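Below are the chains, spelled out letter by letter.
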Amino acid sequence: MENQQKMKSILKLLMNEIETESSVSNLKLTEEQLAQRIYQKLDELNLTNQRIYSLLVSSTKGHLTVDEAAEYLSISKSDLYKRTSQGTLKFKKPGKHIYFLKKDLDEYIVSSPQK
């Protein structure tokens with residue numbers, strides 16, 4: 001019952017957001033378009049939730065994989081590799097895989113010039 005209430009609340013919020021967007025741009029949406037917009041918004045929420053979960057898991061570990069480090073720094077994996085090869089980002093390579101200490105990534109964030 002509680003989950004149904006949460007879903008109804010989320011759908012109501014999504015509907016309000018879509019209606020607001022539509023009225024601002026003077027759009028009249030068909031039922032199909034409305035359903036598509038709801039699914040689009042749900043996908044966006046899902047991606048946001050996945051990112052939050054990933055960051056929470058990363059923040060509790062002492063070391064991060066390449067994927068986790070790229071996500072943590074909000075950069076692409078290729079940019080992460082570039083920064084390691086340039087020596088601007090510390091990493092550990094105990095075997096064939098590289099890892100990043102969270103404290104090193106935090107230091108990198110603090111020391112990097114802001115854009």
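For the structure itself, consult the block above.
> Would you explain the side chain of T84 in this entry?
With respect to the helices, strands and loops of the structure, T84 is situated in helix 4 (residues 77-85). On the accessibility criterion, T84 (11% relative accessible area) is buried. Beyond its immediate chain neighbours, meaning those up to four positions away, T84 contacts L89, F91 and F100.

> Looking at this model, I keep getting lost on the packing of aromatic side chains. Mind explaining?
Any aromatic ring pair is given by two values, namely how distant the centres are and how the planes are angled relative to each other. Per the stated rule, a full pass over the model turns up one aromatic pair. Here the aromatic rings of F91 and F100 are separated by 6.5 Å at their centres, their planes lie at 55 degrees, and the arrangement is tilted. On the accessibility criterion, F91 (34% relative accessible area) is partly exposed.

> Please explain helix 4 as it appears in this structure.
Every α-helical turn comprises 3.6 residues, leaving residues that sit three or four positions apart pointing alike. Considered for burial, the residues of helix 4 that qualify are D79, L80, R83 and T84. In an axial view of helix 4, the angular spread of the buried residues amounts to 140 degrees, which keeps them on one side of the axis. Every exposed residue of helix 4 that faces more than 90 degrees away from the buried side is listed here: S78 and S85. Summarising the contacts, the buried residues of helix 4 are in contact with helix 3 (66-73), strand 2 (100-101) and helix 5 (102-111). Just downstream of helix 4, G87 is the residue with a positive phi angle, here 80 degrees.

> Whenever I open this one, the packing of helix 3 against helix 5 confuses me. Can you help?
A pair of packed helices can be characterised by two numbers: the angle between their axes and the separation between those axes. Two elements in contact, helix 3 and helix 5, have axes separated by 11 Å at closest approach and are oriented at 30 degrees. Regarding the angle of helix 3 to helix 5, the classification is roughly parallel. Handedness of the crossing formed by helix 3 with helix 5: right-handed. Of helix 5, the residues touching helix 3 (which contributes A69, Y72 and L73) are K102, L105, D106, Y108 and I109. A class-by-class count of the residues in the contact of helix 3 with helix 5 yields six nonpolar, no polar and two charged.

> Hey, could you run me through the packing of helix 3 against helix 4 in this one?
Running from N to C, helix 3 and helix 4 point in directions that differ by 95 degrees, and their axes come no closer than 9 Å. Regarding the angle of helix 3 to helix 4, the classification is roughly perpendicular. Here V66, D67, A69, A70 and L73 of helix 3 lie close against helix 4, whose contacting residues are K77, L80 and Y81. When its residues are assigned to classes, the contact of helix 3 with helix 4 shows six nonpolar, no polar and two charged.

Reading the values: the criteria
- Residues numbered from 1 in each chain as written.
- Predicted model: local features only at pLDDT ≥ 70, side-chain atom pairs only at ≥ 80, totals over all residues.
- Heavy atoms only, no water.
- Helix = DSSP H or I, 4+ residues; strand = E, 2+ residues; numbered from the N terminus.
- Buried < 20%, exposed > 50% of the residue type's maximum accessible area, 1.4 Å probe, protein only.
- Contact = heavy atoms within 4.5 Å.
- Phe/Tyr/Trp six-rings, centres within 6.5 Å; stacked < 30°, edge-to-face > 60°.
- Arc of directions from axis to C-beta.
- Axes fitted to C-alpha atoms, helices over the stretch in contact; angles between N-to-C directions.
- Parallel < 35°, antiparallel > 145°, perpendicular 65-115°, else oblique.
- Left-handed = near helix turned anticlockwise from the far one by under 90°.
- Nonpolar A, V, L, I, M, F, W, Y, C, P; charged D, E, K, R; others polar.

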